[in-house]
Structure formats: structure tokens, C-alpha cells
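Examining the three-dimensional arrangement
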Amino acid sequence: DNEALMRANPDYVTQLECLPDALRAAWLDGKWNIFAGQFFSEFDEKKHVVAPVAFPKDTAYYCAIDYGLDMLAALFIAVTADGRAYVYDEIYESGLIVSVAAAKIREKLRADMTVIAPADLWGRGKDSGRSAAELFAEGGVFLTKLTPCRIDGWLALKEWLCDMDGVPRLRFFSHCKNIIRCLPLLLYDEDHAGDAATEPHEITHAPDAL
């Protein structure tokens, strides 16, 4: 973009292409949200965030949740027959007991929707002897247990963020602001190869659900 600079130094672009990945992405490609240690450097808001669209009739619908009293993160995802997925809605709210969380999820559920949740929600509480999954069921939200393997999940998500025929397989509607904000902020875990860091904890809930 700087014509005077290019005339003075015709090799400037070649020099930028030799920079480390993060600096090259920022200075050459204008991707300023990429930084050292970023777990999902694949995420590009220009490519992955889209305006809402209508889905065809043969679309499958899922709700994926990460729940704790500190935060309910629920993502509503449409998977079309051509193998593409869209995060089209979200809930991101703290301080909700299970019955209230279930009510908020139920407001957005479709009759044909599968609700996916991590295995820890099937652990029984010491005081009540009942699991969060049972309490969600009482609230009308029936959960499907997810096999717990974070690293496999992250690898799968990286694949979903990749292009298929020039377009990312997974995209996000522009009003899903929390997952769009949190996903690019995740860092690598320095102590566990292939895993994402669990701090700062506030940004991990929506990516964990995804």
C-alpha cells in the first residue's frame, strides 16, 4: 500500500515474507489478531465470521455446552448436508444454577436438536447425590455425553476451521460475539503439548463447548 516505500525498497515484500509467522501475518497480510502462542492462528475474522443466512431443510442441528456455576457457554450449531457448519447462536452467562441454565437453553432448542455435553456433568454431587445431567433432564434438556479428549477435540476443530473449496468448513454468525472474541485469544498450554491453556479461565468456556 505504501508506494513510496516500494519504490525506495523494491525487495520490501520479500523481506516481509522471511519474517517469523506471527510478524509476517501481521505486517504482510494485515492479520493483527495473530500473536505468539496463539492456539488457533487459523481463525481469521474476515473469513470465518459471516452475516446470518437461511439453512436448507436437510440441515442437522446441535447444541454444545460447557457448564459450571461460573459460566454457561452454549453454542447452537447447524451442519448442512455439504459438510459445512455454522455457529448461529450462543448463550454466555455466569451464575446460573442448572434449572435456570436449562430453561435458557430450552428457549432456543429445536425438537430435532442433539445437545452435547462434557462427561463431567454426569458426576454426582456430594451433597445431592445427583448429577448435573440429571438436573438438566428434569429441566427438559437431555444431554448426550461427549467422550473426553481435549487434544482430539482441538485437532478436529482446527480441521473445521480449514478451507474446503476455498471456504472455511466452520463459520460463525456475526452476532455470536463471545465465541468470536474468545477463540482467537486461546493460548498454547506450555506444560501439555497439543492442548490449549486453561487461563485466563474466562475465555475458555465457549471454545471448550465448541
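Read on for a plain summary of the structure. (Residues numbered from 1 in each chain as written. Predicted model: local features only at pLDDT ≥ 70, side-chain atom pairs only at ≥ 80, totals over all residues. Heavy atoms only, no water.)

**Remarks on the overall build of the protein chain**
Selection rule: A run of H or I in DSSP becomes a helix once it reaches four residues, and a run of E becomes a strand once it reaches two; helices and strands are each numbered from the N terminus. Buried, partly exposed and exposed residues are distinguished by accessible area as a fraction of the type maximum, computed with a 1.4 Å probe on protein chains only: under 20%, between the cut-offs, and over 50%, respectively. The contact criterion used is simple: two residues touch if any of their non-hydrogen atoms lie within 4.5 Å. To measure how exposed things are, a 1.4 Å probe is used in the Shrake-Rupley method; for residues, cover is taken only from the protein chains shown. Only four residue types enter the tally: Lys and Arg on the positive side, Asp and Glu on the negative side; His and the chain ends are excluded. Just so you know, the charge point we use is NZ for Lys, CZ for Arg, CG for Asp and CD for Glu.
Along the backbone of the protein chain there are nine helices and nine strands. Projected onto its principal axes, the C-alpha coordinates of the protein chain cover approximately 70 × 45 × 25 Å. Each of the 210 residues in the protein chain was classed as buried or not, and the buried ones make up 39%. In the protein chain, once contacts between residues fewer than 6 apart in sequence are set aside, the share between residues at least 24 apart is 60%. Accessible surface computed for the protein chain: about 11,800 Å², of which carbon and sulfur atoms make up 54%. For the protein chain, the centre of its 21 positive side-chain charges and the centre of its 33 negative side-chain charges are spaced 6 Å apart.

**Quick notes on the environment of Val 141**
Considering the arrangement of structural elements, one finds Val 141 in the loop between helix H6 (132-138) and strand S6 (143-146). Its relative accessible area of 0% is what places Val 141 among the buried residues. Spatially, the C-alpha atom of Val 141 lies 29 Å from that of Asp 195, the residues being 54 residues apart in sequence. In this view, Val 141 contacts Ala 102, Ile 105, Arg 106, Leu 109, Val 115 and Phe 136; residues no more than four positions away in its chain are not counted.

**Observations concerning the pairing of strand S3 (residues 71-79)**
This is how it is decided: Strands were regarded as paired on the criterion that DSSP finds at least two bridges between them.
Of all the nine residues making up S3, eight are buried; the element is thus mostly covered by neighbouring parts of the structure. Pairing analysis gives nine bridges linking strand S2 (residues 60-68) to S3, with the strands arranged antiparallel. Within S3, the residue paired with Ala 64 across the bridge is Leu 75. Between the antiparallel neighbours S2 and S3 lie two residues. Of the pairings in the sheet, the one linking S3 to strand S4 (residues 85-93) comprises eight bridges and is antiparallel in character. When the sheet's bridge partners are listed, Ala 73 is paired in S4 with Tyr 92.

**A closer look at the side chain of Arg 171**
Selection rule: What makes a salt bridge here is a side-chain nitrogen of Lys or Arg within 4 Å of a carboxyl oxygen of Asp or Glu, nothing more.
Counting through the fold element by element, Arg 171 comes out in strand S9 (residues 170-173). Buried and unpaired, Arg 171 has no salt bridge, with Asp 82 as the nearest side chain of opposite charge at 7.0 Å. With residues near it in sequence (within four places) discarded, Arg 171 still touches Lys 47, His 48, Val 50, Arg 84, Ala 85, Tyr 86 and Val 87.

**With respect to the pattern of salt bridges**
Under the criterion given, the structure shown has 11 salt bridges. Note that Asp 89 and Lys 108 form a salt bridge whose closest N and O atoms lie 3.0 Å from each other. Placement of Asp 89 in strand S4 and of Lys 108 in helix H5 (residues 98-108) is noted, with a sequence separation of 19 residues between them. Residue Arg 110 is joined to Asp 112 by a salt bridge in which the shortest nitrogen-to-oxygen separation is 3.1 Å. For Arg 110, a relative accessible area of 38% corresponds to the partly exposed category. Looking at Asp 112, the relative accessible area reads 44%, which means it is partly exposed. Each of Arg 150, Asp 195 and Asp 208 takes part in one network of salt bridges that share partners.

**Notes on the nonpolar core**
Threshold: Buried residues of nine kinds, namely Ala, Val, Leu, Ile, Met, Phe, Trp, Tyr and Cys, make up a nonpolar core once their side-chain atoms join them within 4.5 Å.
Counting 54 residues, the largest nonpolar core has Ile 65, Ile 105, Phe 136, Leu 143, Phe 172 and Ile 179 as the members making the most contacts within it. If one sorts the elements of this core by residue count, S3 sits on top with eight residues. Residue contacts for Ile 105: discarding those within four places in its chain leaves Cys 63, Ile 65, Leu 72, Ala 74, Phe 76, Ile 91, Phe 136 and Val 141.

**Considering the sheet that holds S2**
Strand-to-strand pairing in sheets goes through backbone hydrogen bonds, with the strands running parallel or antiparallel. Strand order in the open sheet formed by seven strands is S1-S9-S4-S3-S2-S5-S6, and the pairing between neighbours is mixed. One side of each edge strand has no neighbouring strand; the edge strands of this open sheet are strand S1 (49-50) and S6.

As far as function goes, none of this settles anything; it's purely spatial.
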